[in-house]
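The residues making up each chain are set out below.
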Amino acid sequence: MKKNKIFIACDSTSIFKIKKIIRETENSKLKIGYKFGLEFLNSKYGRKFISKLKNKITFGDYKISDIPNTCVSAIKAVKDLNLNYLTIHINSGLEALKSAKKASGKTKLIGVTVLTSLDNKSLKEIGFNKKVKTIVLQQAKLASRAKLDAVVCSAQEVNIVKKVFKKEIITPGIRFNSKMNDQKRVLTPKQAYKNGSDWLVIGRPITKGNIRNNLKNLIDHLS
Ligand code: C5P
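Here we summarise the structure given alongside this text. (Residues numbered from 1 in each chain as written. Predicted model: local features only at pLDDT ≥ 70, side-chain atom pairs only at ≥ 80, totals over all residues. Heavy atoms only, no water.)

### Regarding the packing of aromatic side chains
As a reminder of what qualifies: The aromatic pairing rule takes the rings of Phe, Tyr and Trp, using the six-membered ring of Trp, and pairs them if the centres are within 6.5 Å, calling planes under 30 degrees apart stacked, those over 60 edge-to-face and the rest tilted. Only DSSP runs of H or I with at least four residues qualify as helices, and only runs of E with at least two residues qualify as strands; both kinds are numbered from the N terminus onward. In this scheme, a residue with accessible area under 20% of its type's maximum is buried, one over 50% is exposed, and one in between is partly exposed, where area comes from a 1.4 Å probe on protein chains only.
Applying the stated criterion across every chain, the model contains seven aromatic pairs. Considering the side-chain rings of F7 and F59, the 4.9 Å spacing of their centres and the 85 degrees angle between planes classify their relative orientation as edge-to-face. Of this pair, F7 sits in strand β1 (residues 4-9) while F59 sits in strand β3 (residues 57-64), and the two are 52 residues apart along the sequence. Judged on exposure class, the residue F7 and its partner F59 are both buried. An aromatic cluster of at least three residues, connected via ring pairs, comprises F7, F59, Y85 and W199.

Written as C-alpha coordinates, this is what we have:
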(Lines give C-alpha, C1' and ligand atoms only; values in the text may rest on other atoms or scores of the structure.)
Protein backbone atom coordinates (compact mmCIF):
# COMPACT_ATOMS: atom_id res chain seq x y z
CA MET A 1 0.00 0.00 0.00
CA LYS A 2 1.11 3.56 -0.71
CA LYS A 3 2.38 5.44 2.33
CA ASN A 4 0.65 8.58 3.52
CA LYS A 5 2.83 11.62 2.92
CA ILE A 6 3.47 14.23 5.59
CA PHE A 7 5.66 17.29 5.78
CA ILE A 8 6.63 17.93 9.37
CA ALA A 9 6.77 21.69 10.01
CA CYS A 10 10.14 22.22 11.71
CA ASP A 11 9.28 25.49 13.41
CA SER A 12 11.98 26.35 15.93
CA THR A 13 15.23 28.32 16.03
CA SER A 14 17.00 25.56 17.91
CA ILE A 15 19.17 23.12 15.95
CA PHE A 16 18.90 20.77 18.93
CA LYS A 17 15.07 20.79 18.68
CA ILE A 18 15.11 20.38 14.89
CA LYS A 19 17.47 17.39 15.16
CA LYS A 20 15.14 15.89 17.77
CA ILE A 21 12.10 16.41 15.51
CA ILE A 22 13.87 14.72 12.61
CA ARG A 23 15.16 11.85 14.72
CA GLU A 24 11.86 11.15 16.45
CA THR A 25 9.65 11.35 13.37
CA GLU A 26 11.62 8.87 11.28
CA ASN A 27 9.40 5.83 10.85
CA SER A 28 8.51 3.18 8.32
CA LYS A 29 4.73 3.75 8.18
CA LEU A 30 4.68 7.26 6.70
CA LYS A 31 6.59 9.05 3.99
CA ILE A 32 8.07 12.06 5.77
CA GLY A 33 9.43 15.32 4.39
CA TYR A 34 10.72 18.27 6.42
CA LYS A 35 9.36 21.78 6.03
CA PHE A 36 11.52 24.67 7.18
CA GLY A 37 9.68 27.95 7.58
CA LEU A 38 10.53 31.56 8.27
CA GLU A 39 11.49 30.90 11.88
CA PHE A 40 14.23 28.36 11.16
CA LEU A 41 15.28 29.82 7.82
CA ASN A 42 15.96 33.17 9.49
CA SER A 43 17.71 31.72 12.52
CA LYS A 44 21.46 32.02 12.88
CA TYR A 45 22.42 28.47 11.93
CA GLY A 46 19.25 27.36 10.11
CA ARG A 47 20.37 27.82 6.54
CA LYS A 48 23.69 26.06 7.12
CA PHE A 49 21.93 23.13 8.77
CA ILE A 50 19.63 22.67 5.79
CA SER A 51 22.55 22.89 3.36
CA LYS A 52 24.12 19.87 5.06
CA LEU A 53 21.00 17.69 5.30
CA LYS A 54 21.36 14.51 3.28
CA ASN A 55 18.76 12.07 1.99
CA LYS A 56 15.75 13.98 3.25
CA ILE A 57 12.82 15.48 1.37
CA THR A 58 13.24 19.20 2.01
CA PHE A 59 10.71 21.99 1.73
CA GLY A 60 11.80 25.62 2.07
CA ASP A 61 8.69 27.50 3.13
CA TYR A 62 9.98 30.91 2.09
CA LYS A 63 6.50 32.15 1.15
CA ILE A 64 8.06 34.55 -1.30
CA SER A 65 5.80 37.50 -2.05
CA ASP A 66 7.43 40.25 -4.06
CA ILE A 67 7.95 41.80 -7.48
CA PRO A 68 9.04 39.38 -10.24
CA ASN A 69 12.71 40.40 -10.25
CA THR A 70 13.06 39.97 -6.48
CA CYS A 71 11.24 36.62 -6.52
CA VAL A 72 13.64 35.33 -9.18
CA SER A 73 16.72 36.65 -7.36
CA ALA A 74 15.60 35.10 -4.08
CA ILE A 75 15.06 31.72 -5.73
CA LYS A 76 18.51 31.89 -7.32
CA ALA A 77 20.00 32.83 -3.95
CA VAL A 78 18.87 29.55 -2.36
CA LYS A 79 19.83 27.27 -5.28
CA ASP A 80 22.75 25.83 -3.30
CA LEU A 81 20.29 24.27 -0.81
CA ASN A 82 18.98 21.94 -3.54
CA LEU A 83 15.54 22.06 -1.97
CA ASN A 84 12.92 19.63 -3.22
CA TYR A 85 10.14 22.18 -2.70
CA LEU A 86 9.91 25.94 -2.22
CA THR A 87 6.91 28.25 -1.74
CA ILE A 88 5.80 31.48 -3.36
CA HIS A 89 2.57 33.37 -2.59
CA ILE A 90 0.24 33.20 -5.59
CA ASN A 91 -0.78 36.78 -4.80
CA SER A 92 2.66 37.81 -6.11
CA GLY A 93 0.88 37.78 -9.49
CA LEU A 94 1.05 35.78 -12.71
CA GLU A 95 4.19 37.43 -14.06
CA ALA A 96 6.11 36.74 -10.85
CA LEU A 97 4.88 33.14 -10.79
CA LYS A 98 5.95 32.47 -14.37
CA SER A 99 9.40 34.00 -13.85
CA ALA A 100 9.83 32.18 -10.55
CA LYS A 101 8.91 28.87 -12.16
CA LYS A 102 11.59 29.39 -14.80
CA ALA A 103 14.17 30.17 -12.12
CA SER A 104 13.30 27.28 -9.80
CA GLY A 105 14.69 24.52 -12.04
CA LYS A 106 14.66 21.14 -10.34
CA THR A 107 13.09 22.54 -7.16
CA LYS A 108 9.33 22.12 -7.23
CA LEU A 109 7.64 25.48 -6.94
CA ILE A 110 4.57 25.54 -4.68
CA GLY A 111 1.98 28.29 -4.94
CA VAL A 112 0.47 29.32 -1.62
CA THR A 113 -3.19 30.35 -1.74
CA VAL A 114 -5.06 31.95 1.19
CA LEU A 115 -3.30 31.18 4.50
CA THR A 116 -5.09 28.60 6.63
CA SER A 117 -5.06 31.07 9.53
CA LEU A 118 -7.52 33.29 7.65
CA ASP A 119 -11.30 32.97 7.28
CA ASN A 120 -13.92 35.03 5.44
CA LYS A 121 -13.99 37.57 8.27
CA SER A 122 -10.22 38.06 8.26
CA LEU A 123 -10.25 38.48 4.48
CA LYS A 124 -12.82 41.25 4.81
CA GLU A 125 -10.62 42.97 7.37
CA ILE A 126 -7.76 43.17 4.88
CA GLY A 127 -9.99 44.43 2.09
CA PHE A 128 -10.98 41.31 0.16
CA ASN A 129 -14.71 41.03 -0.32
CA LYS A 130 -14.73 37.65 -2.00
CA LYS A 131 -15.08 34.45 0.00
CA VAL A 132 -12.05 32.28 0.80
CA LYS A 133 -13.22 29.50 -1.53
CA THR A 134 -13.66 31.88 -4.48
CA ILE A 135 -10.19 33.35 -4.05
CA VAL A 136 -8.56 29.94 -3.58
CA LEU A 137 -10.20 28.70 -6.79
CA GLN A 138 -9.03 31.75 -8.73
CA GLN A 139 -5.50 31.40 -7.34
CA ALA A 140 -5.38 27.69 -8.17
CA LYS A 141 -6.25 28.58 -11.77
CA LEU A 142 -3.38 31.04 -11.79
CA ALA A 143 -1.01 28.40 -10.41
CA SER A 144 -2.09 26.17 -13.26
CA ARG A 145 -1.48 28.89 -15.86
CA ALA A 146 2.00 29.50 -14.43
CA LYS A 147 2.66 25.73 -14.54
CA LEU A 148 3.54 25.55 -10.86
CA ASP A 149 4.30 22.10 -9.44
CA ALA A 150 2.05 22.20 -6.38
CA VAL A 151 -0.51 24.28 -4.53
CA VAL A 152 -0.95 24.90 -0.80
CA CYS A 153 -4.54 25.35 0.38
CA SER A 154 -6.60 24.18 3.33
CA ALA A 155 -7.89 20.61 3.20
CA GLN A 156 -11.39 22.13 3.06
CA GLU A 157 -10.71 23.43 -0.46
CA VAL A 158 -9.02 20.41 -2.02
CA ASN A 159 -12.16 19.43 -3.95
CA ILE A 160 -12.35 22.85 -5.56
CA VAL A 161 -8.63 23.09 -6.29
CA LYS A 162 -8.56 19.63 -7.87
CA LYS A 163 -10.96 20.78 -10.58
CA VAL A 164 -8.50 23.30 -11.97
CA PHE A 165 -5.07 22.23 -10.71
CA LYS A 166 -3.90 18.76 -11.65
CA LYS A 167 -0.59 18.43 -9.81
CA GLU A 168 0.29 18.04 -6.10
CA ILE A 169 -1.95 19.51 -3.42
CA ILE A 170 -0.41 20.21 -0.03
CA THR A 171 -2.55 21.02 2.99
CA PRO A 172 -1.57 22.63 6.30
CA GLY A 173 -4.15 23.41 9.00
CA ILE A 174 -4.31 19.76 10.08
CA ARG A 175 -5.56 18.91 13.54
CA PHE A 176 -6.16 15.58 15.24
CA ASN A 177 -6.59 16.96 18.75
CA SER A 178 -8.74 19.85 19.96
CA LYS A 179 -5.99 22.51 19.87
CA MET A 180 -6.60 24.84 16.94
CA ASN A 181 -3.83 27.33 17.86
CA ASP A 182 -3.95 30.16 15.29
CA GLN A 183 -5.38 28.01 12.49
CA LYS A 184 -8.92 28.71 11.23
CA ARG A 185 -9.54 26.38 8.27
CA VAL A 186 -8.69 22.97 9.70
CA LEU A 187 -9.50 19.33 9.04
CA THR A 188 -8.33 16.02 10.49
CA PRO A 189 -5.63 14.01 8.68
CA LYS A 190 -8.19 11.35 7.71
CA GLN A 191 -10.56 13.92 6.21
CA ALA A 192 -7.70 15.67 4.42
CA TYR A 193 -6.53 12.49 2.66
CA LYS A 194 -10.13 11.54 1.91
CA ASN A 195 -10.59 14.89 0.17
CA GLY A 196 -7.55 14.16 -1.97
CA SER A 197 -4.61 15.93 -0.32
CA ASP A 198 -1.32 14.54 -1.58
CA TRP A 199 0.72 15.85 1.33
CA LEU A 200 -0.32 17.10 4.75
CA VAL A 201 1.73 19.70 6.61
CA ILE A 202 1.68 19.13 10.36
CA GLY A 203 3.59 21.11 12.94
CA ARG A 204 2.55 21.65 16.53
CA PRO A 205 0.22 18.61 16.87
CA ILE A 206 3.37 16.51 16.35
CA THR A 207 6.27 18.68 17.47
CA LYS A 208 4.86 19.99 20.77
CA GLY A 209 5.01 17.62 23.74
CA ASN A 210 6.03 14.00 23.27
CA ILE A 211 6.86 13.66 19.57
CA ARG A 212 6.92 9.86 19.44
CA ASN A 213 3.56 9.62 21.24
CA ASN A 214 2.03 12.29 19.00
CA LEU A 215 3.20 10.43 15.92
CA LYS A 216 1.81 7.17 17.27
CA ASN A 217 -1.57 8.89 17.85
CA LEU A 218 -1.48 10.16 14.27
CA ILE A 219 -0.71 6.70 12.87
CA ASP A 220 -3.52 5.21 15.02
CA HIS A 221 -5.91 7.92 13.78
CA LEU A 222 -5.05 7.03 10.18
CA SER A 223 -5.39 3.25 10.52
O1 C5P B 1 1.76 23.95 13.76
P2 C5P B 1 0.88 23.88 12.55
O3 C5P B 1 0.44 22.48 12.22
O4 C5P B 1 -0.25 24.87 12.57
O5 C5P B 1 1.89 24.32 11.38
C6 C5P B 1 1.46 24.59 10.08
C7 C5P B 1 2.67 24.99 9.28
O8 C5P B 1 2.25 25.23 7.96
C9 C5P B 1 3.35 26.27 9.77
O10 C5P B 1 4.74 26.08 9.59
C11 C5P B 1 2.84 27.35 8.84
O12 C5P B 1 3.80 28.35 8.62
C13 C5P B 1 2.56 26.57 7.56
N14 C5P B 1 1.52 27.06 6.69
C15 C5P B 1 0.20 27.23 7.10
N16 C5P B 1 -0.74 27.72 6.24
C17 C5P B 1 -0.42 28.00 4.98
C18 C5P B 1 0.87 27.81 4.54
C19 C5P B 1 1.81 27.32 5.43
O20 C5P B 1 -0.10 26.94 8.25
N21 C5P B 1 -1.36 28.40 4.14
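### Section: the pairing of strand β7 (residues 168-171)
Where we set the bar: Note on pairing: DSSP must find at least two bridges between two strands before they are called paired. Looking down the strands as they point away from the viewer, one classifies a crossover as right-handed if the path from the first strand across the helix to the second runs clockwise.
Residues E168 and I170 of β7 are buried on one face, and the alternating residues I169 and T171, pointing to the opposite face, are buried as well. As paired elements, strand β6 (residues 150-152) and β7 share three bridges and run parallel to each other. Across the sheet, the residue bridging to V152 is I170, located in β7. Note on the crossover from β6 through helix α8 (residues 158-164) to β7: the handedness is right-handed.

### Brief notes about the site of the ligand
The condition that has to hold: The nearness test applies per residue and asks whether one of its heavy atoms lies within 4 Å of the molecule or strand. What qualifies as a polar contact is a pair of N or O atoms within 3.5 Å, subject to a donor-acceptor requirement within protein and to the restriction that residues adjacent in sequence count only when both atoms come from side chains. In this classification, Asp, Glu, Lys and Arg are treated as charged, Ala, Val, Leu, Ile, Met, Phe, Trp, Tyr, Cys and Pro as nonpolar, and every other residue, Gly included, as polar.
Residues in contact with the ligand amount to 16 residues; listed here are only the nearest, D11, K35, T116, R175 and R204. One nitrogen or oxygen atom from the side chain of K63 is found 3.5 Å from an oxygen atom belonging to the ligand. Within the backbone of G203, one N or O atom sits 2.8 Å away from an oxygen atom of the ligand. Those elements giving two or more residues to the shell around the ligand turn out to be β3, β8 (199-202) and α10 (204-207). Looking at the shell around the ligand residue by residue, the classes come out as seven nonpolar, three polar and six charged.

### Some points on the sheet that holds strand β4 (residues 85-89)
We count it as follows: The convention used is that axes are lines fitted to C-alpha atoms, helices contributing only their stretch in contact, and that angles between N-to-C directions extend from 0 to 180 degrees. Residues are treated as being in contact if the distance between any of their heavy atoms lies within 4.5 Å.
In spatial order, the strands read β1-β2-β3-β4-β5-β6-β7-β8; together these eight strands close into a barrel with parallel pairing. Recorded for the sheet is a direction-independent mean angle of 25 degrees between the axes of neighbouring strands. As defined by bridge partners, β4 adjoins strand β5 (residues 108-112) across five bridges and the pair is classed as parallel. Bridged to Y85 within β5 is K108. Strand contacts of helix α1 (residues 15-25): β1 and β2 (30-36), with the helix running at about 170 degrees to β2, the strand carrying the most contacts.

### As for the pattern of salt bridges
The condition that has to hold: Only one rule defines a salt bridge in this text: a Lys or Arg side-chain nitrogen within 4 Å of an Asp or Glu carboxyl oxygen.
This structure, assessed with the given rule, holds 11 salt bridges. The partner of D80 in a salt bridge is R47, with the nearest N and O atoms 2.8 Å apart. Highlighted residues: D80 in the loop between α4 (68-77) and β4 and R47 in helix α3 (residues 46-52), separated in sequence by 33 residues. For D80, a relative accessible area of 47% gives the class partly exposed. Residue classification places R47 among the partly exposed residues on the basis of a relative accessible area of 31%. Here K63 ties to D61 by a salt bridge, and the two come within 2.9 Å at their closest N and O atoms. According to the relative accessible area criterion, K63 is partly exposed, its value standing at 27%. The class of D61 is buried, set by a relative accessible area of 5%. Residues participating in the shared-partner salt-bridge network are K35, D61 and K63.

### A short note on helix α5 (residues 94-104)
Within α5, the full set of buried residues consists of L94, A96, L97, A100, A103 and S104. Among the structural elements, α4, β4, β5 and α7 (132-145) are those in contact with the buried residues of α5.

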